[in-house]
Amino acid sequence: MLDVILRFAVILAVFLLLPLIIGQTEHKVMAHMQSRLGPMYAGGFHGWAQLIADGVKFAQKEDVIPAAADRRIFMIAPGVALVPYLVVLIVIPVDRNGFGVNLDLGLFFVLAVMGIGVLGSIMAGWASANKYSVLGGMRSAAQLMSYELPLVLAASSVAMAAGTLSLPGILEQWQWWWLPWQAVGGFVFFVAGLAELRRPPFDMPIAESEIIMGPMTEYTGMRFALFMLSEYVGIVVLSFLTTVLFLGGWHGPFLPGWMWTLLKVFLLAFVVIWLRVSFPRLREDQLQKLAWVGLVPLALGQLALTGVVKVLL
């Protein structure tokens with residue numbers, strides 16, 4: 001019982017700490033890449049406490065609910081967007097003995113629960129009774145339907161290669177030559193995951209220049225902050241899953257396993273930030289074309305290649 005409590009405490013600490021680190025890193029990396037000065041005063045050195053200051057600011061804001069909104073759905077939507085990512089972290093292995101729960105169907109569980117998180121923005125868009133929010137919710141639904149298929153197909157390729165749906169089991173079977181073998185699947189999984197998180201250049205459901213803030217337009221205070229936090233937690237979860245499935249997780253020379261996992265996670269998080277700075281937002285037709293004409297055939301090709309290699313081995 002004590003072991004379970006300690007593991008849950010560690011997972012909760014990761015859930016609360018890593019998103020803040022990645023959020024602060026995003027501010028500073030974007031400032032350097034775009035040659036502009038970011039917030040530099042909160043906390044002193046390089047504005048290290050800016051996210052804490054933002055949290056205090058959100059906590060002081062009034063919690064406003066539109067008169068025409070569906071109050072119950074409007075209130076629970078931020079929680080629906082955030083909580084599934086905490087549940088996912090419970091089954092992700094950080095080290096050979098560092099995971100909360102080892103499920104035989106761990107990969108299936110993770111993909112199913114991540115899909116629930118996307119429903120939070122759809123619920124928020126419908127419940128807000130705002131035309132911009134509804135349009136953002138519709139765009140979120142379209143992205144979910146389009147990118148869930150390549151995401152699942154890419155993950156299935158790794159499960160087929162390892163012969164198990166258990167995340168620790170996949171890492172036990174992992175070999176260094178899986179890096180080139182599963183590279184296409186890793187690319188598809190990562191891009192599809194970014195689209196499901198609605199991160200730039202796949203942020204059409206938010207698109208400030210078109211629909212203000214999409215599903216979050218009517219949200220204020222801590223409910224808005226929960227949506228922001230869910231985005232950064234989603235980056236953490238996507239980076240962890242890509243690391244575990246395609247980059248070997250804890251495998252690596254010299255350093256402890258958990259350190260290799262975290263290094264790979266932060267590298268992928270940096271790539272997420274880099275993509276935000278480097279690429280403009282796609283149009284809706286370009287988004288759908290990338291999914292159905294680009295990623296789905298690539299994922300099917302990776303699945304077929306995995307099947308052929310497994311037969312030959």
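Predicted model only: the values in this text are computed from it and were never measured. (Residues numbered from 1 in each chain as written. Predicted model: local features only at pLDDT ≥ 70, side-chain atom pairs only at ≥ 80, totals over all residues. Heavy atoms only, no water.)

Asks: Got a minute to help me understand the overall build of the protein in this structure?
Replies: For the protein, the helix and strand inventory stands at 12 helices and 0 strands. The helix and strand sequence of the protein, counted from the amino end, reads α-α-α-α-α-α-α-α-α-α-α-α. For the protein, whose C-alpha radius of gyration is 20 Å, the value lies close to the compact-globule estimate of 20 Å for 313 residues. For the C-alpha atoms alone, the extent of the protein along its principal axes is close to 60 × 45 × 45 Å. Of all 313 residues assigned to the protein, the portion counted as buried reaches 49%. Residue pairs at least 24 apart in sequence account for 78% of intrachain contacts in the protein once pairs closer than 6 positions are excluded. Of the accessible surface of the protein, which amounts to about 14,900 Å², a share of 72% is contributed by carbon and sulfur atoms. (Helix = DSSP H or I, 4+ residues; strand = E, 2+ residues; numbered from the N terminus. Rg over C-alpha atoms; globule rule 2.2 N^0.38 Å. Buried < 20%, exposed > 50% of the residue type's maximum accessible area, 1.4 Å probe, protein only. Contact = heavy atoms within 4.5 Å. Areas by Shrake-Rupley, 256 points an atom, 1.4 Å probe, with all protein chains shown as cover.)

Asks: Looking at this structure, how should I read the environment of Gly221?
Replies: Within the secondary structure, Gly221 is located in helix α10 (residues 221-246). You can call Gly221 buried: its relative accessible area is 2%. Taking the C-alpha atoms as reference points, Gly221 and Asp63, separated by 158 residues in sequence, lie 5.5 Å from one another. Gly221 has contacts with Phe58, Lys61 and Glu62, leaving out every residue within four places of it along the chain.

Asks: Is there a simple way to explain the packing of helix α5 (residues 131-162) against helix α12 (residues 284-312) in this structure?
Replies: To describe two helices that pack against each other, one gives the angle between their axes and the distance between the axes. The contact between α5 and α12 brings their axes to 8 Å, and the two run at 15°. By the angle between their axes, α5 is roughly parallel relative to α12. The two elements α5 and α12 meet at a crossing, and its hand is left-handed. A per-class count over the contact of α5 with α12 returns 18 nonpolar, 8 polar and 3 charged. (Axes fitted to C-alpha atoms, helices over the stretch in contact; angles between N-to-C directions. Parallel < 35°, antiparallel > 145°, perpendicular 65-115°, else oblique. Left-handed = near helix turned anticlockwise from the far one by under 90°. Nonpolar A, V, L, I, M, F, W, Y, C, P; charged D, E, K, R; others polar.)

Asks: Explanation requested: the nonpolar core in the structure shown.
Replies: One broad rule of soluble globular proteins: the nonpolar side chains tend to lie buried together. Within the largest apolar cluster, 63 residues are counted, with the highest numbers of intra-cluster contacts made by Ile92, Leu107, Tyr147, Leu167, Phe189, Val237 and Leu245. Ala127, Met213, Ala225 and Phe227 belong to the second-largest nonpolar core, a separate cluster that totals 15 residues. (Core = buried A, V, L, I, M, F, W, Y, C linked by side-chain atoms within 4.5 Å.)

Asks: Is there a simple way to explain α12 in this structure?
Replies: The terminal C-alpha atoms of α12 lie 41 Å apart, and with 29 residues this matches the ideal 42 Å at 1.5 Å per residue to within 8%. Bending of α12 peaks at approximately 30° at the position of Leu295, with proline Pro297 no more than four residues after it. Residues of α12 that are buried: Leu287, Ala291, Leu295, Val296, Ala299, Gln302, Leu303, Thr306 and Val309. Next to the buried residues of α12 lie α5, α7 (178-181) and α8 (183-197). (Expected span 1.5 Å × (residues − 1). Bend = angle between axes of the 7 residues up to and from the residue.)

Asks: Can you walk me through the layout of surface pockets in this structure?
Replies: If a probe as big as a water molecule is rolled over the atoms, it shows which places are left empty. Looking at the largest pocket, its volume works out to about 960 Å³. Together, 35 residues line the largest pocket, and His27, Leu51, Met228, Leu229 and Tyr232 are the ones closest to its centre. Where the lining of the largest pocket is concerned, the elements lending two or more residues are α1 (2-33), α2 (50-60) and α10. Along the lines of polarity and charge, the residues of the lining of the largest pocket split into 21 nonpolar, 4 polar and 10 charged. In this structure, the second largest pocket encloses a volume near 370 Å³. Taken together, 19 residues form the lining of the second largest pocket, with Gly186, Phe187, Phe190, Val191 and Leu275 sitting closest to its centre. Put simply, the parts of the chain that give the lining of the second largest pocket at least two residues each are α8, α10, α11 (257-278) and α12. Residue contributions to the lining of the second largest pocket peak at 6 residues, all from α8. Of the residues assigned to the lining of the second largest pocket, the class counts are 16 nonpolar, 3 polar and no charged. (1 Å grid on protein atoms, 1.4 Å probe; cavity = no way out; pocket = protein on both sides within 12 Å on 5 of 7 lines; lining within 4 Å. Points joined across faces, edges and corners; volume = space filled by probe spheres on them.)

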